[in-house]
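Listed here are the chains, written in short residue letters.
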Amino acid sequence: MRFLTDPTIYKAAIQPATVDTPLADHIASNRKYMPYCADCLGAVDGTHIPISPPNNVNKPTWRIRKGFTSQNVLAVCDFEMRFTNVLYV
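None of the values given here were measured: they were computed from a predicted structure.

Observations regarding the environment of Ile49
Within the fold, Ile49 resides in strand β1 (residues 43-50). Through-space distance from the C-alpha of Ile49 to that of Asp39 is 30 Å; in sequence the pair is 10 residues apart.

Let's talk about the environment of Ile51
Its location among the elements puts Ile51 in the loop between β1 and β2 (70-77). Every residue in contact with Ile51, bar those within four places of it in the chain, is listed here: Trp62, Thr69, Ser70 and Gln71.

A word on unusual backbone geometry
A cis amide bond links Met34 to the next residue, Pro35, at an omega of 0 degrees. Assignment of secondary structure puts Pro35 in the loop between α2 (25-28) and β1. One non-glycine residue with positive phi stands out, namely Met81, at about 65 degrees.

A word on a nonpolar patch on the surface
A surface patch of nonpolar side chains, about 380 Å² in accessible area, is lined by Val44, Leu74, Leu87 and Val89. As for its position among the elements, Val44 is in strand β1. Judged by relative accessible area, which is 56%, Val44 ranks as exposed.

Details of the side chain of Ser70
Position of Ser70 relative to the elements: it lies in strand β2. When its relative accessible area of 5% is taken as the criterion, Ser70 is described as buried. A distance of 2.8 Å separates the side chain of Ser70 from the side chain of His48, its partner in a polar contact. With sequence-adjacent residues up to four places away left out, Ser70 is seen in contact with His48, Ile49, Pro50, Ile51, Trp62 and Ile64.

Criteria and cut-off values
- Residues numbered from 1 in each chain as written.
- Predicted model: local features only at pLDDT ≥ 70, side-chain atom pairs only at ≥ 80, totals over all residues.
- Heavy atoms only, no water.
- Helix = DSSP H or I, 4+ residues; strand = E, 2+ residues; numbered from the N terminus.
- Contact = heavy atoms within 4.5 Å.
- Patch = residues over 30% accessible without salt bridge, like charges linked within 9 Å, V, L, I, M, F, W, Y side chains within 5 Å.
- Areas by Shrake-Rupley, 256 points an atom, 1.4 Å probe, with all protein chains shown as cover.
- Salt bridge = Lys/Arg side-chain N within 4 Å of Asp/Glu carboxyl O.
- Buried < 20%, exposed > 50% of the residue type's maximum accessible area, 1.4 Å probe, protein only.
- Polar contact = N/O pair within 3.5 Å; in protein donor to acceptor, adjacent residues only side chain to side chain.

In structure tokens form, the structure reads like this:
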């Protein structure tokens, strides 16, 4: 996951949303979503990515309840399926 913190990759792949970010056309033009999603910029979801930590770290701290080691990742996407933020812990 360290590749996401590389400035070159981060700037190319992740574009943070701002207050000037327009609402997606398919949201704005659909009466099912408007006016409920008028201020929405995107969606948030989390996942666990399986990893193999180095031998010199404490592996039980990376082990989740399902029995494998993983990296917890929280991602935010806009309605055009572009990443606007990624956080990993």
